[in-house]
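Below are the chains, spelled out letter by letter.
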Amino acid sequence: MTDSHPWRKSPVSSLPEVVTRPGAAPAAEGVAAELERLCATVFEPLLLMAEAVAAALPAGRRPRLAELAAIRPLALAQLRRADDLVAGSGLIADPALLTDAPWHLAWWTRGPGGRITPLRVVSDPARDGFRDYTVLEWWAVPHRTGRRHITGPYVDYLCTDAYTLTFTVPVHRADSSLAGVVGSDVYVARAERVLLPVLRACGRPATVVNRAGRVVVSTYPAHTTGSPIRRPPAGWTRHDSPVVPFSVFVGG
């Protein structure tokens, strides 16, 4: 949930068309269905968190930090999930939302041994170490589109120092302006635990990529997490999920 690795030096604008071969298409669709289920389990609690924050916003004035206390138990519940999928969760407020806490991140992470701690960041723009999170993808896209978003995989240098997927959902004021975003960080390594069994069940090489062509998870040794796929091996099947911003490639 921070600045991403400087991949933009070698952008991937789009994925090439891939020839479909019989037998691979159902396998790709099965992987996509499991991927969509995983994303839904992360997004559904975030939608409830967004509703809770929106309901706590007072009418006609800016809230104080204490008035958004309801976010803490909801975020901690995500860090205590039985599937251990979420590594960080919370609210990132619009910089001008709170009267007593500008540039506020109500964000918690779960570390070794299950210890949960609040994220400490520099919130004063005049101090060294301050980062303007409003320019980052996980904030900027929901702000621009008004819709939920998945960022990554990217290396999260602020929270996790690991390949991460950040799920964010916008929170709107009564006038439809953005009050902030709620979000959860998912380590790619934890997502792999869920996705690798269904990829292996394909009985052939399989790879999940984001819309920019970056590898999320794969059973094909040449496709490492975060690497770009500019030209998949000949004969692989491609299935674009209509629900989440990922594609599945399965070898013939």
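Remember, it's a predicted structure, so these values are computed and weren't measured experimentally.

Enquirer: Even after reading the chapter, I still don't get the pattern of salt bridges, so can you show me in this structure?
Expert: Two side chains bearing opposite charge may form a pair once their charged atoms approach each other closely. In this structure the tally under the stated criterion is eight salt bridges. Salt-bridge contacts for Glu-34 lead to Arg-37; the nearest nitrogen and oxygen are separated by 3.0 Å. Taken as a pair, Glu-34 and Arg-37 lie in helix 1 (residues 24-56) at a separation of three residues, close to a single helical turn. Glu-34 gets classed as partly exposed once you look at its relative accessible area, which sits at 22%. Look at Arg-37 and you get partly exposed, because its relative accessible area is 41%. The salt bridge partner of Asp-83 is Arg-81, with a shortest N-O separation of 2.7 Å. Judged by its relative accessible area of 38%, Asp-83 is partly exposed. Residues joined by salt bridges that share partners form a network here, namely Asp-84, Arg-110, Arg-190 and Arg-193.

Enquirer: Teacher, can you tell me more about the packing of aromatic side chains here?
Expert: For the coordinates displayed, the defined rule picks out six aromatic pairs. Between Tyr-133 and Trp-138, the aromatic rings sit 6.3 Å apart at their centres with planes inclined by 25°, giving stacked as the arrangement. The two residues Tyr-133 and Trp-138 agree in class, both being buried. One cation-aromatic arrangement involves Arg-148 over Phe-43; the distance from NZ or CZ to the ring centre is 4.4 Å.

Enquirer: I'm lost on the sheet that holds strand 3 (residues 116-118) in this one. Help?
Expert: Taken in spatial order, the six strands of this open sheet run 3-2-1-6-5-4, and their pairing is antiparallel. Every other strand in the sheet has two partners, leaving strand 3 and strand 4 (149-155) as the edge strands with one partner each. Averaged over all pairs of adjacent strands, the angle between their axes in this sheet comes to 20°, without regard to strand direction. Summarising the sheet, strand 1 (residues 86-93) and strand 6 (residues 178-187) pair through seven bridges and their orientation is antiparallel. Within the sheet, the bridge partner assigned to Leu-91 lies in strand 6 and is Val-182. Sheet contacts for helix 2 (residues 71-79): strand 1, strand 2 (105-110), strand 3 and strand 6; angle to strand 1, the most-contacted strand, approximately 160°.

Enquirer: Would you mind showing me how to read the nonpolar core here?
Expert: A general tendency of soluble globular proteins is for nonpolar side chains to be buried together. Ranked by internal contacts, the top residues of the largest apolar core, which has 51 residues, are Leu-46, Ile-71, Phe-167, Val-182, Val-208, Phe-246 and Val-250. A total of 14 residues in this core trace back to one element, the largest contributor, which is helix 1. Not counting the four nearest positions on each side in its chain, Leu-46 is found in contact with Ser-89, Phe-167, Val-169, Val-182, Gly-183 and Ser-184. In this structure, Trp-103, Leu-105, Tyr-133 and Trp-138 belong to the second largest nonpolar core, which totals 13 residues.

Enquirer: Hey, could you run me through the pairing of strand 1 in this one?
Expert: A regular strand places its side chains on the two faces of the sheet in alternate fashion. Judged by how many residues are buried, strand 1 sits mostly within the fold: eight of eight residues are covered. By the bridge criterion, five bridges tie strand 1 to strand 2 in an arrangement that is antiparallel. Note on strand 2: the bridge partner recorded for Leu-91 is Ala-106.

Enquirer: Looking at this structure, how should I read the pairing of strand 7 (residues 206-210)?
Expert: Taking burial as the measure, the five residues of strand 7 include five buried ones, the bulk of the element. Side chains Ala-206, Val-208 and Asn-210 project from strand 7 onto one buried face, and the interleaved Thr-207 and Val-209 project onto a second face that is buried too. Note that strand 7 and strand 10 (residues 246-250) share five bridges and pair antiparallel. By the bridge assignment for strand 10, Thr-207 is matched with Phe-249.

Definitions and cut-offs
- Residues numbered from 1 in each chain as written.
- Predicted model: local features only at pLDDT ≥ 70, side-chain atom pairs only at ≥ 80, totals over all residues.
- Heavy atoms only, no water.
- Salt bridge = Lys/Arg side-chain N within 4 Å of Asp/Glu carboxyl O.
- Helix = DSSP H or I, 4+ residues; strand = E, 2+ residues; numbered from the N terminus.
- Buried < 20%, exposed > 50% of the residue type's maximum accessible area, 1.4 Å probe, protein only.
- Phe/Tyr/Trp six-rings, centres within 6.5 Å; stacked < 30°, edge-to-face > 60°.
- Lys NZ or Arg CZ within 6 Å of the ring centre and 35° of its normal.
- Pairing = 2+ DSSP bridges.
- Axes fitted to C-alpha atoms, helices over the stretch in contact; angles between N-to-C directions.
- Contact = heavy atoms within 4.5 Å.
- Core = buried A, V, L, I, M, F, W, Y, C linked by side-chain atoms within 4.5 Å.

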